[in-house]
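Tertiary structure, described
If you want the building blocks of each chain, they are given just below.
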Amino acid sequence: MKTWRTRKFTRREFLVTAGAALAGAALGCGRAGGGQTSVPTAAPTLAPVTPAAPPAQAADLVLLNGKIITVDRADSTAQAVAVKGGLIQAVGTNEAVAVLVGEATQVVDLAGKTVTPGLIDPHNHFQVYGLMNSYYTSFVPPEVRTMDDLRAKLAQVAAQTPEGEWIKGFYLSFQEGRMPTRHDLDPASPNHPVWIMQQGGHYGSANSMALQIAGITAATPNPEGGIIGRQANGEPDGIFYNHRAMDLLRRHIPLYTQEMVWDNIVSTQAAFAACGVTTFHDNNVRGVDTLRTYLDTGRQGALFLRGAVYYTLEWPPDLERALNEVEQYQDEFMRMAGFKFLIDGQAAMAYCHEPHNGVSWTTTTWDPQGFKDAVRALHDLGLQICVHCIGDAAVDLTLDAYEEAMNANPRSDPRHRIEHAILTTPQATQRIKDLGVVVSTQPQFIRMGGDYWKTIFTPAQMARVVVTREWLEAGIHVALGSDAPTTPWYAPQVTLAGAVSRLTASNEVISPDQRLTIQEALRAHTLEAAYAGHEENIKGSIEAGKMADMMVWPVDPYTAPWQEWWDAPSEMTIVGGRIVHQGMALFPRRASG
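All values reported here derive from a predicted model rather than from experimental measurement.

**A word on the overall build of the chain**
- Counting its regular elements, the chain contains 19 helices and 25 strands.
- Compactness check: the chain gives a C-alpha radius of gyration of 24 Å against a globular reference of 25 Å for 593 residues, within 12% of the reference.
- Here the chain holds 593 residues, and the buried ones make up 61% of them.
- Charge centroids of the chain, computed over 47 positive and 61 negative side chains, lie 5 Å from each other.

**Focus: the sheet that holds strand S13 (residues 227-230)**
- Pairing within the open sheet is mixed, and its 6 strands lie in the order S9-S10-S11-S12-S14-S13. Of all strands in the sheet, those with a lone pairing partner are strand S9 (137-139) and S13, marking the two edges. Taken over all neighbouring pairs, the strand axes of this sheet differ in orientation by 25 degrees on average, direction set aside.
- Note that strand S10 (residues 167-171) and strand S11 (residues 194-198) share 5 bridges and pair parallel. Its bridge partner lying in S11, Gly-169 is registered against Ile-196.

**Considerations on the sheet that holds strand S23 (residues 572-575)**
- One open sheet holds the 6 strands; their spatial order is S3-S2-S7-S22-S23-S24, and the pairing between them is mixed. Unpaired on one side and paired on the other, strand S3 (77-78) and strand S24 (578-582) mark the two borders of the sheet.
- Summarising the sheet, strand S2 (residues 67-69) and strand S7 (residues 114-117) pair through 2 bridges and their orientation is parallel. Its bridge partner being in S7, Lys-67 is matched across the sheet by Thr-114.

**A closer look at the confidence of the model for the chain**
- Summarising the model, the chain shows a mean pLDDT of 92, and 91% of its residues fall at 70 or more.
- When the criterion is pLDDT under 50, residues 1-27 qualifies, and its contacts beyond four places in sequence or with other chains add up to 50 contacts.
- Note that residues 31-41 has pLDDT below 50 and, in this model, 26 contacts with residues that lie over four places away or in other chains.

**Things to note about the side chain of Thr-278**
- One can find Thr-278 in strand S15 (residues 277-285).
- On the basis of relative accessibility, which here comes to 1%, the residue Thr-278 falls in the buried class.
- Leaving out residues up to four positions away in the same chain, Thr-278 has contacts with Gly-118, Leu-119, Leu-305, Arg-306, Asp-549, Met-550, Thr-573, Ile-574 and Val-575.

**Things to note about the packing of helix H17 (residues 492-501) against helix H18 (residues 518-525)**
- Where H17 contacts H18, the two axes come as close as 9 Å, and the packing angle between them is 135 degrees. If you check the angle between H17 and H18, you find them oblique. Here H17 and H18 pass one another in a crossing that is right-handed. For the pair H17 and H18, contact is made by Pro-492, Thr-495, Leu-496, Ala-499 and Val-500 and by Ile-518, Ala-521, Leu-522 and His-525, respectively.
- Considering only residue class, the contact of H17 with H18 consists of 7 nonpolar, 2 polar and no charged.

**A look at the pattern of salt bridges**
- On inspection of all chains with the given rule, the structure shows 29 salt bridges.
- Its salt-bridge partner being Arg-250, residue Asp-247 comes within 2.8 Å of it at the nearest N-O pair. Of this pair, Asp-247 and Arg-250 are both found in helix H7 (residues 243-250), 3 residues apart, which corresponds to roughly one turn of the helix. Each member of the pair Asp-247 and Arg-250 is classed as buried.
- In this structure, the salt-bridge partner of Glu-520 is Arg-469, at a minimum N-O distance of 2.7 Å. Remark: Arg-469 occurs in helix H16 (residues 468-473) and Glu-520 occurs in helix H18; sequence separation between them is 51 residues. The same class applies to Glu-520 as to Arg-469, namely buried.
- Taken together, the shared-partner salt bridges connect Asp-148, Arg-151, Arg-178 and Asp-184 into one network.

**A closer look at unusual backbone geometry**
- Of note, the amide linkage connecting Pro-141 to Pro-142 takes the cis form, showing an omega dihedral of 5 degrees.
- Along the chain, Pro-142 falls in the loop between S9 and helix H4 (147-159).
- Here the amide bond leading from Ala-484 into Pro-485 is cis, since omega sits at 0 degrees, within 30 degrees of zero.
- Along the chain, Pro-485 turns up in the loop between strand S21 (478-480) and H17.
- Despite not being glycine, Asn-242 shows a phi value in the positive range, around 80 degrees.
- Its location among the elements puts Asn-242 in the loop between strand S14 (236-241) and H7.
- Non-glycine residue Ser-511 carries a positive phi angle of around 50 degrees.
- With a relative accessible area of 15%, Ser-511 lands in the buried category.

Thresholds applied
Once a new chain begins, its residue numbering starts again from 1 and follows that chain's sequence as written. Residues qualify for local features only when their pLDDT is at least 70, as the model is predicted, and side-chain atom pairs are given and counted only at 80 or more; totals for whole chains, interfaces and linings, by contrast, use all residues. Side-chain descriptors were evaluated using all non-hydrogen atoms of the structure, hydrogens and water having been removed beforehand. A run of H or I in DSSP counts as a helix once it spans at least four residues, and a run of E counts as a strand once it spans at least two, with each numbered from the N terminus. Radius of gyration: C-alpha atoms only; globule rule: 2.2 Å multiplied by the number of residues to the exponent 0.38. Working definition: with a 1.4 Å probe on protein chains only, accessible area under 20% of the residue-type maximum means buried, over 50% means exposed, and in between means partly exposed. Positive charge is attributed to Lys and Arg, negative charge to Asp and Glu, and no charge count is given to His or to the chain ends. Lys charges are placed at NZ, Arg charges at CZ, Asp charges at CG and Glu charges at CD. Two strands qualify as a pair provided DSSP detects at least 2 bridges between them. Lines fitted to C-alpha atoms define the axes here, with helix axes fitted over just the stretch in contact, and angles between the N-to-C directions of these axes take values from 0 to 180 degrees. Confidence per residue, as judged by the predictor, is encoded in pLDDT with a range of 0 to 100. By definition, residues are in contact when any of their heavy atoms lie within 4.5 Å. In these notes the angle categories are as follows: under 35 degrees is roughly parallel, over 145 is roughly antiparallel, 65 to 115 is roughly perpendicular, and the rest is oblique. Definitions for this section: a left-handed crossing has its near helix turned counterclockwise from the far helix by less than a right angle. A right-handed crossing has that turn clockwise. Polar here means any residue outside two lists: the nonpolar Ala, Val, Leu, Ile, Met, Phe, Trp, Tyr, Cys and Pro, and the charged Asp, Glu, Lys and Arg; Gly therefore counts as polar. By salt bridge we mean one thing: a side-chain nitrogen of Lys or Arg within 4 Å of a carboxyl oxygen of Asp or Glu.

Dropping the structure here:
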């Protein structure tokens with residue numbers, strides 16, 4: 001019999017992967033169908049398994065003596081699963097699956113542990129997560145909670161940085177309840193240009209030296225789709241809202257290299273795998289070079305998680321690049337899946353039908369007609385389109401663009417997506433259903449921003465926040481994702497907990513009638529997330545013939561309260577039948593001859 005072997009890493013891969021895993025520990029891991037059908041529960045101990053299957057029928061890997069939550073149409077459970085050639089070979093009782101054990105089969109006694117399909121994260125910014133651990137300096141809690149904390153750390157960073165070099169960082173929030181201005185940054189950084197982004201990625205702050213380098217003055221107009229924050233006298237205060245405004249300054253900052261992008265992609269895999277993620281969608285890939293690096297990681301065999309990427313169009317010239325320079329590449333581990341727009345910003349810049357208390361409720365990042373024209377052109381390419389929408393008017397504009405493109409070119413099942421959908425109108429729910437649009441959302445935002453949203457949105461708007469139950473009951477396909485590193489959490493377990501609890505940071509439940517069951521939430525993070533990428537026929541459930549992508553849980557999420565698993569790491573993560581993450585409790589072994 002062969003012993004278990006895993007892929008051998010190069011020294012370079014090992015170093016960057018280990019670094020990401022250690023960094024990730026601080027942030028991460030730590031009701032569908034018509035009822036359930038079950039098989040007998042796991043035995044306390046697994047009887048010895050005698051290898052009997054001939055090589056042609058023998059499984060490569062067998063998981064026995066557990067609770068296999070299949071997420072199939074009936075949400076059935078089983079005891080065991082067999083894998084062969086990277087695919088699910090069989091699912092059933094211990095006895096039915098044990099006959100597939102051969103001399104070379106690797107056997108795992110689950111000892112009653114629960115197995116689910118591998119978790120699919122359909123919305124994150126994978127390589128940017130790596131940037132947060134390399135390119136940017138962190139100014140987040142618990143180290144930085146106040147403006148004084150920010151200045152103290154910024155002074156420390158400045159003392160260690162050669163004069164004139166850019167200091168680049170990110171923050172989450174401050175106890176003062178506002179964003180830093182140049183006047184907050186200047187005292188600690190008189191000799192360095194400074195740029196720090198809010199972790200959500202749609203606002204940023206610069207000091208006076210950075211404004212001077214970028215040539216941004218009182219005479220600088222707001223770009224279309226963005227706002228330069230200003231003092232009462234018209235001078236810039238250092239705050240920039242939306243990407244187009246931020247780009248006016250960011251274009252002067254030395255960009256990270258493509259070697260760094262490669263390392264960020266490769267290294268981030270370990271952190272996500274430790275949480276049970278087997279597929280990720282990076283929904284905001286800016287730049288043809290970065291997109292090409294993503295595709296090259298697949299082409300050159302550097303990935304052990306499966307990925308899909310969406311090329312972002314931020315400015316009108318990006319459309320020409322999308323049409324003429326983007327390669328439609330696909331392999332087993334990486335593919336160019338489609339395109340991404342951001343039609344509004346975060347909550348304070350949400351494009352809404354009615355006023356809110358943020359910075360602007362009327363700003364779209366694209367001219368509406370130009371946006372519709374770009375959506376139409378990309379729709380004709382045959383790939384998916386995803387649009388970031390926070391406000392309800394942003395959702396309706398996006399649905400208008402999709403409907404016009406689909407009427408002009410009635411493609412079969414384009415399956416375009418709305419990302420986030422924080423606010424939607426009741427009328428939009430039926431339109432989303434009728435157009436076959438997928439809602440890709442992140443209910444854990446309620447934990448991070450729900451209390452803040454109450455200061456921005458009106459009570460009527462708050463009643464329409466992330467209406468997951470309404471969408472499901474309307475028959476809409478809903479997928480759940482992390483949006484990491486926009487949120488402090490990349491672990492899907494946090495997303496699932498957010499979907500079933502809808503708790504704010506002050507432990508207020510926002511719209512309890514919109515909570516999901518854990519069965520519904522898990523389906524939205526597996527099979528429905530696969531659907532969001534046109535892949536529900538090959539992944540997202542544990543069924544014969546599908547990809548053998550699975551996660552072993554330390555507790556049963558169907559029976560344990562969410563408080564017991566929201567920060568629980570994966571005991572074992574399997575991609576294509578290969579163990580890519582392993583905890584301390586489970587080990588493959590040889591069958592007994």
